[in-house]
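Structural description and commentary
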Amino acid sequence: MNSTTNNNKLRPPLGGQGGFVSVIGAGTMGNGIAHVFAQAGFLVNLVDVNPAQLEKAIATIGKNLDRQVAKATISEEQKKAALANITTVSDITTGVENAQLVIEAATENTELKLKIFKQIDEAAPAGCILATNTSSISITKIAAVTKRPELVIGMHFMNPVPVMKLVEVINGYATKKEVTDSIVELSKQLGKIPCVVNDYPGFIANRILMPMINEAIYSLYESVAGVEEIDTVMKLGMAHPMGPLQLADFIGLDVCLSILKVLQDGFGNPKYAPCPLLVNMVMAGKLGVKSGEGFYVYTAGSKELVVSTSFK
Ligand SMILES: NC(=O)c1ccc[n+]([C@@H]2O[C@H](COP(=O)([O-])OP(=O)(O)OC[C@H]3O[C@@H](n4cnc5c(N)ncnc54)[C@H](O)[C@@H]3O)[C@@H](O)[C@H]2O)c1
């Protein structure tokens, strides 16, 4: 078992080639995070409790790298090298035992993340930085279950990870400056643009985005305008690439609801209360793209945006 003293001494900063990173969770975000690290020359252990998810992740990374080869942004050799840098592992302890950095991207559930961080803290080498990709759970709360809170930080990638430039770097209450500096440098090495923020509910990205999405849903609920009108106003009027209702479908309405609850509980301010229409849609299983229907309906193979019959 690692002692507190050893764990709190930062390991040497991660180098480019040969740096060893463990990514926990091989879902939407985990496969993207593994992809960008592997492409930048890091050795990656991609860890998931579900073997089918690991297989799917490798297939997705392969497809996404193929797209980059087709666009000539990387060569066939670079694609092969990136894939060869990834090892899939189904056990967390084995997966993190040699890591210089662990990034947790497992399911957004507080109890699960606290359990995973206790496990990682026990198994990862002393001085290894423990990062989480959480969208909304307190970094300080996660850090508090480890014996190395100074080395715990938020590294919030955006979806799709290989495409989106931003990394929101979140300092927990105890995060050491050295750790923040190291994660900022590392994000740049991956070709990303880091922004450092502090650990308060929703950080910056979701604290600003979710109230906007909630207000769009309220506007629909109060019949101020229809789905297409609300999204068109925000796309054409504010130059947003996607309207807030379509974006909510893309993120997942269940995820939007849970982040709004984190904001409401965390600040104790009723302005964050989720719109009753959002609550009803989640209860009805209309979760957006992942369930096939939200504000729009999604048919495999079709890119056409069709408003759900519930809102016609
Ligand atoms: N999806 C997004 O747009 C997005 C954007 C930014 C951040 N995030 C955050 O990223 C994290 C992952 O989200 P996602 O959308 O990739 O979720 P996902 O449901 O696609 O994937 C989660 C993965 O975690 C795995 N998992 C569950 N328990 C595990 C355990 N004990 N050990 C190892 N793996 C385990 C699951 O098998 C699954 O493959 C969440 O914290 C989420 O808030 C998501």
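Below: a short report on this structure.

Reading the values: rules and limits
- Residues numbered from 1 in each chain as written.
- Predicted model: local features only at pLDDT ≥ 70, side-chain atom pairs only at ≥ 80, totals over all residues.
- Helix = DSSP H or I, 4+ residues; strand = E, 2+ residues; numbered from the N terminus.
- Expected span 1.5 Å × (residues − 1).
- Buried ≥ 20, exposed ≤ 12 C-beta atoms within 10 Å, placed from the backbone.
- Arc of directions from axis to C-beta.
- Contact = placed C-beta atoms within 7 Å.
- Core = buried A, V, L, I, M, F, W, Y, C linked by C-beta atoms within 7 Å.
- Axes fitted to C-alpha atoms, helices over the stretch in contact; angles between N-to-C directions.
- Parallel < 35°, antiparallel > 145°, perpendicular 65-115°, else oblique.
- Left-handed = near helix turned anticlockwise from the far one by under 90°.
- Nonpolar A, V, L, I, M, F, W, Y, C, P; charged D, E, K, R; others polar.
- Near = placed C-beta within 6 Å.
- Pairing = 2+ DSSP bridges.

**Examining helix 8 (residues 177-189)**
The end-to-end C-alpha separation of helix 8 is 18 Å, in line with the 18 Å expected for 13 residues at 1.5 Å each. Here helix 8 has its buried residues at Val-179, Ser-182, Ile-183, Leu-186 and Ser-187. Viewed along the axis of helix 8, the buried residues span an arc of 135°, placing them on a single side of the element. Facing away from the buried side of helix 8 by over 90 degrees, the exposed positions are Lys-177, Glu-185 and Lys-188. Close packing links the buried residues of helix 8 with strand 5 (129-132), strand 6 (152-157), strand 7 (166-171) and strand 8 (193-198).

**Quick look at the nonpolar core**
Counting 54 residues, the largest nonpolar core has Val-23, Ile-33, Ala-34, Val-102, Leu-130 and Ile-153 as its most contacted members. A per-element tally of this core places helix 2 (residues 28-39) first, with six residues. Beyond its immediate stretch of four places on either side in the chain, Ile-33 contacts Val-23, Ile-103, Ala-105, Asn-133, Phe-157 and Val-161. Counting residues in each nonpolar core, the second largest holds 27 residues, with Ile-213, Ile-217, Cys-256 and Leu-287 among its members.

**Examining the packing of helix 12 (residues 253-267) against helix 13 (residues 276-283)**
Relative to each other, helix 12 and helix 13 sit at 130°, their axes nearing to 9 Å. Judged by the angle between their axes, helix 12 and helix 13 are oblique. Between helix 12 and helix 13 the crossing geometry is left-handed. Contacts between helix 12 and helix 13 involve Leu-253, Asp-254, Cys-256 and Leu-257 on the former and, on the latter, Leu-278, Val-279, Met-281 and Val-282. In terms of residue class, the contact of helix 12 with helix 13 is made up of seven nonpolar, no polar and one charged.

**Considering the site of the ligand**
In the vicinity of the ligand there are 25 residues, among which Gly-25, Gly-27, Met-29, Ser-135 and Asn-159 approach most closely. Elements with a minimum of two residues in the shell around the ligand: helix 2 and helix 6 (110-123). Looking at which element gives the most residues to the shell around the ligand, the answer is helix 2, with three residues. Counted by class, the shell around the ligand contains 11 nonpolar, 12 polar and two charged residues.

**Details of the environment of Cys-256**
One can find Cys-256 in helix 12. It is 8.6 Å that separates the C-alpha atoms of Cys-256 and Leu-278, two residues lying 22 residues apart in sequence. Dropping the residues within four chain positions of it, Cys-256 is found in contact with Met-210, Ile-213, Ala-248, Ile-251 and Leu-278.

**Concerning unusual backbone geometry**
In this model, Asn-159 is joined to Pro-160 through a cis peptide bond whose omega is -5°. Looking at the element boundaries, Pro-160 is found in the loop between strand 6 and strand 7. Positive phi, close to 55°, is recorded for Ser-223, a residue that is not glycine. Counting through the fold element by element, Ser-223 comes out in the loop between helix 9 (205-221) and helix 10 (227-238). In this structure, Ala-239 is a non-glycine residue whose phi angle is positive, near 60°. Residue position: Ala-239 is located in the loop between helix 10 and helix 11 (244-251).

**Observations regarding the sheet that holds strand 6**
What the eight strands build is an open sheet, ordered 3-2-1-4-5-6-7-8; its pairing is mixed. The sheet is open, and its two edges are formed by strand 3 (86-89) and strand 8, each paired on a single side. With strand direction ignored, the average angle separating the axes of adjacent strands in the sheet is 25°. With respect to the sheet, helix 6 is in contact with strand 1 (20-24), strand 4 (101-104) and strand 5, its orientation differing from that of strand 4 by roughly 165°. Against the sheet, helix 8 touches strand 5, strand 6, strand 7 and strand 8, its axis set at about 175° to strand 7.

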